[in-house]
Amino acid sequence: MTLLDEYCREELTALEAASQRRVLRQTHRTGVMVEQDGKNYVSFSCNDYLGLSEHPQVIAAADAALKRYGAGAGASRLVTGNHPLYAPLERAIAAQKHTEAALVFGSGYLANLGTIPALMGAPDIIFADKLVHACLLDGAQLSGATVKRFKHNDMGHLAALVAQHRPHFRHALILVDHVYSMDGDVAPLAELAEIAAQNHIWLMVDDAHGLGVVPSAAQGVDIWMGTLSKAAGAYGGYVAAKKSVIDLLVTRARSLVFSTGLPAATCAAALTALELIAAEPARGERAVALANRVCAAMGLPPTKTTILPIIMGDAERALAASEALKRHGILAVAIRPPTVPPATARLRLTFSSAHTDAQVEQLIAALRAEGIAHV
Ligand SMILES: *Cc1c(COP(=O)(O)O)cnc(C)c1O
């Protein structure tokens with residue numbers, strides 16, 4: 001045993017004891033069906049909310065681009081990797097978000113990791129919702145700015161922190177998710193925009209789970225970011241903002257400058273998916289309606305999104321509930337701390353327009369049979 005080996009084994013043992021060890025499972029996904037360990041399940045754990053990752057037009061566009069441009073971009077976008085599919089993709093994103101311009105990154109994670117440090121530094125302050133996605137916090141930390149967290153969706157707490165701290169810093173930025181990834185609730189964007197405007201604070205909204213599902217029409221958002229890997233069914237991240245912001249990011253965002261461009265096929269898939277989202281809004285509406293069918297059956301308040309958490313409390317209970325659902329042919333992954341706050345381990349159910357009504361009834365029947373309910 002080497003010293004490193006010994007260290008890692010000890011850490012893994014401790015994680016296992018706390019039900020926090022994570023392992024990779026080979027998964028073969030076909031639409032909403034997944035196969036793991038030779039068994040088939042209806043998945044309520046995918047983020048392909050509109051079923052676009054397998055849409056024939058999306059695949060055909062990727063296929064054509066693959067043949068025309070090859071498998072890889074070959075270099076950073078600033079060198080020779082800026083192939084001809086970036087411009088139409090960025091125009092489609094800017095149109096979707098009603099902004100002057102957009103910039104595509106390697107992933108949503110890379111977009112946040114590059115954008116926040118490009119705009120913020122040590123003399124600045126960031127106000128972040130307690131439940132924002134990990135990659136916003138990673139970007140905030142990397143920027144070297146002071147970070148203050150406000151209670152989830154609590155505008156009174158945000159206003160108090162702003163009153164206390166804003167005057168002592170140069171620039172300020174508010175970070176929120178549009179749709180919270182583990183809770184499925186929506187940020188009060190109009191109120192956030194008002195607090196931002198009144199206090200000379202920039203507002204950045206992560207729309208990873210909103211695109212194609214919850215309209216992003218709010219005024220006063222300085223920076224929209226998101227991913228092309230969820231409802232858009234492909235891969236990549238983006239920022240949409242004024243042209244000046246985008247132009248500055250092209251020079252300053254290190255995760256763009258020092259990382260290879262996306263494959264053209266990926267951009268082609270995302271572009272076609274965005275066109276389908278714009279042309280066929282019924283997909284997003286259906287996915288939300290299916291989530292609401294389960295809310296009604298479980299006695300939970302209605303939702304505006306495709307994400308429905310069933311809070312189980314401790315990690316063992318969440319894992320047991322997930323295992324129990326598997327026996328009914330349902331895959332609903334347990335989400336545990338540290339991804340969610342302590343004692344709020346949960347089943348995170350996600351809904352897709354590709355689920356059939358019968359599959360949703362199957363889920364409801366399984367939840368009832370196992371007595372699984374929100375604590
Ligand atoms: C998934 C996700 C990201 C990261 O996007 P990727 O393209 O998967 O890297 C960022 N923010 C939120 C809220 C997410 O859910």
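Predicted model only: the values in this text are computed from it and were never measured.

Caption draft 1: Summary view of helix α6 (residues 134-143). Along α6, the residues that are buried comprise Cys135, Leu136, Gly139, Ala140 and Ser143. Each buried residue of α6 lies within a common arc of 145° when the element is viewed along its axis, so the set occupies one face. Residues of α6 that are exposed and angled more than 90 degrees away from the buried face: Gln141 and Leu142. Each element contacted by the buried residues of α6 is listed here: α5 (108-119), β5 (125-129), β6 (146-150), β7 (172-177) and β8 (202-206). Glycine 144 sits one or two positions beyond α6 and adopts a positive phi of about 80°.

Caption draft 2: Highlighting the packing of aromatic side chains. Throughout the structure, instances matching the rule amount to one aromatic pair. In this arrangement the basic side chain of lysine 97 is found over the ring face of tryptophan 224, its NZ or CZ atom lying 5.5 Å from the centre.

Caption draft 3: Representation of the nonpolar core within the structure. Counting 86 residues, the largest nonpolar core has Phe127, Ile174, Val176 and Leu192 as the members making the most contacts within it. At eleven residues, the largest contribution of residues to this core is made by helix α11 (residues 264-279). Those residues in contact with valine 176 that lie beyond four places of it in its chain are Asp129, Val132, Leu136, Phe150, Ala187, Leu189, Leu192, Leu203, Met204, Val205 and Asp206.

Cut-offs applied
- Residues numbered from 1 in each chain as written.
- Predicted model: local features only at pLDDT ≥ 70, side-chain atom pairs only at ≥ 80, totals over all residues.
- Heavy atoms only, no water.
- Buried < 20%, exposed > 50% of the residue type's maximum accessible area, 1.4 Å probe, protein only.
- Helix = DSSP H or I, 4+ residues; strand = E, 2+ residues; numbered from the N terminus.
- Arc of directions from axis to C-beta.
- Contact = heavy atoms within 4.5 Å.
- Phe/Tyr/Trp six-rings, centres within 6.5 Å; stacked < 30°, edge-to-face > 60°.
- Lys NZ or Arg CZ within 6 Å of the ring centre and 35° of its normal.
- Core = buried A, V, L, I, M, F, W, Y, C linked by side-chain atoms within 4.5 Å.

Shape is all these values report; function is a separate question.
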